[in-house]
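So the chains spell out like this:
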Amino acid sequence: MSLAQRINILRAAVMGANDGILSVAGIVIGVAGAATSNFAIFISGIAGMLAGTVSMAMGEYVSVSAEKDSQKQAIATEKQALKDDYDDEYDFVRQKYLKKGIKPELVEKAVHEMMERDALRTMVRERYGFDVDEFTSPYAAAIASMISFPLGSILPLCSISFFPHSIKIVATFIAVIIALAITGWAAAWLNHANKLHGTVRNVISGIITMLVTYGIGHLFAH
């Protein structure tokens, strides 16, 4: 398995954990706003965890499968294009490198060597931006989500269930915010994005989710 494939699977795991934290936190905080029964809160959290686990796994499988099908179609299209008009495909790569300001003689040599070595790999990379051997497994992505979602769900579920009644909602808020800060940072790192912005954005979305669900639950309780 290539590094890119491993990173894609790790990304699915991080997002699965993040969704598990956020989804179940929203459910248990909302129910806690409407009911005081620990059993009712716990059962609602378990139901949300099970439903979310299946949903995330199936969603990841469908999403990655669709991406894989699209990549396979791109490869088939490029194979036919090379058969129909090799010179035109060759010129596409040559013009692309010329536009980058590379000297024509260097471009000619580089493109000739790349096309001679593996024309299909070169064209797929230059036209579509992926490697012909780097398909992410939909099964691996689904399994990663299926494992990480319930793991993420455990934090808000345990917080709301085992902290003393007087502080369980506040404690769950704090625990979820810390967890979302970690997963937000990890997701930003994997995506080579701004880590501060990614972390803050993730935390804010979690705070809004919990406030809204708690407010709705509290409204229906009165």
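To start, this report covers the structure provided alongside it.

Criteria and thresholds
- Residues numbered from 1 in each chain as written.
- Predicted model: local features only at pLDDT ≥ 70, side-chain atom pairs only at ≥ 80, totals over all residues.
- Heavy atoms only, no water.
- 1 Å grid on protein atoms, 1.4 Å probe; cavity = no way out; pocket = protein on both sides within 12 Å on 5 of 7 lines; lining within 4 Å.
- Points joined across faces, edges and corners; volume = space filled by probe spheres on them.
- Helix = DSSP H or I, 4+ residues; strand = E, 2+ residues; numbered from the N terminus.
- Nonpolar A, V, L, I, M, F, W, Y, C, P; charged D, E, K, R; others polar.
- Buried < 20%, exposed > 50% of the residue type's maximum accessible area, 1.4 Å probe, protein only.
- Polar contact = N/O pair within 3.5 Å; in protein donor to acceptor, adjacent residues only side chain to side chain.
- Contact = heavy atoms within 4.5 Å.
- Phe/Tyr/Trp six-rings, centres within 6.5 Å; stacked < 30°, edge-to-face > 60°.
- Core = buried A, V, L, I, M, F, W, Y, C linked by side-chain atoms within 4.5 Å.
- Axes fitted to C-alpha atoms, helices over the stretch in contact; angles between N-to-C directions.
- Parallel < 35°, antiparallel > 145°, perpendicular 65-115°, else oblique.
- Left-handed = near helix turned anticlockwise from the far one by under 90°.

Take a probe with the size of a water molecule and roll it over the atoms, and the empty space left behind shows itself. Estimated volume of the largest pocket: approximately 240 Å³. Among the secondary structure elements, those contributing two or more residues to the lining of the largest pocket are helix 1 (3-34) and helix 2 (38-84). Here the lining of the largest pocket takes six residues from helix 1, the largest share from any one element. When its residues are assigned to classes, the lining of the largest pocket shows seven nonpolar, four polar and five charged.

Our next topic: the side chain of Ser-153. Relative to the helices and strands, Ser-153 is located in helix 5 (residues 138-162). Look at Ser-153 and you get buried, because its relative accessible area is 0%. Reaching out from Ser-153, the side chain makes a polar contact with the backbone oxygen of Phe-149 at a distance of 2.8 Å. Other than its neighbours up to four places away in sequence, Ser-153 contacts Gly-20, Ile-21, Val-24 and Met-49.

With that out of the way, let us pick up the packing of aromatic side chains. According to the stated counting rule, one finds two aromatic pairs in the structure shown. Note on Tyr-61 and Tyr-139: the rings are 5.4 Å apart at their centroids and 50° apart in plane angle, and the pair reads as tilted. A residue pair is termed long-range when its members are at least 10 positions apart, and Tyr-61 in helix 2 and Tyr-139 in helix 5 qualify at 78 residues. Overall, the relative accessible area of 30% leaves Tyr-61 in the partly exposed class.

Before going further, it helps to spend a moment on the nonpolar core. Of all hydrophobic cores here, the largest spans 16 residues; its most connected members are Val-28, Ile-160, Val-176 and Met-210. Taken together, the elements giving at least two residues each to this core come down to helix 1, helix 2, helix 5 and helix 6 (168-190). The element contributing the most residues to this core is helix 1, with seven residues. Those residues in contact with Ile-160 that sit more than four places away from it in its chain are Val-28, Ile-29, Ala-32, Asn-38, Ile-41, Lys-168, Ile-169 and Thr-172. Val-93, Tyr-97, Val-107 and Met-115 belong to the second largest nonpolar core, which has 10 residues in total.

This paragraph deals with the packing of helix 3 (residues 86-98) against helix 4 (residues 104-128). Interhelical geometry of helix 3 versus helix 4 gives an angle of 120° and a closest axis separation of 9 Å. Our classification of the angle between helix 3 and helix 4 gives oblique. Judged by the sense of rotation from one axis to the other, the crossing of helix 3 with helix 4 is right-handed. For the pair formed by helix 3 and helix 4, the contact residues are Tyr-86, Glu-89, Tyr-90, Phe-92, Val-93, Arg-94, Lys-96, Tyr-97 and Leu-98 on the first element and Pro-104, Val-107, Glu-108, Val-111, His-112, Met-114, Met-115, Ala-119, Thr-122, Met-123, Glu-126 and Arg-127 on the second. In the contact of helix 3 with helix 4, the residues fall into 13 nonpolar, two polar and six charged.

Purely geometric stuff here, so don't read any function into it on its own.
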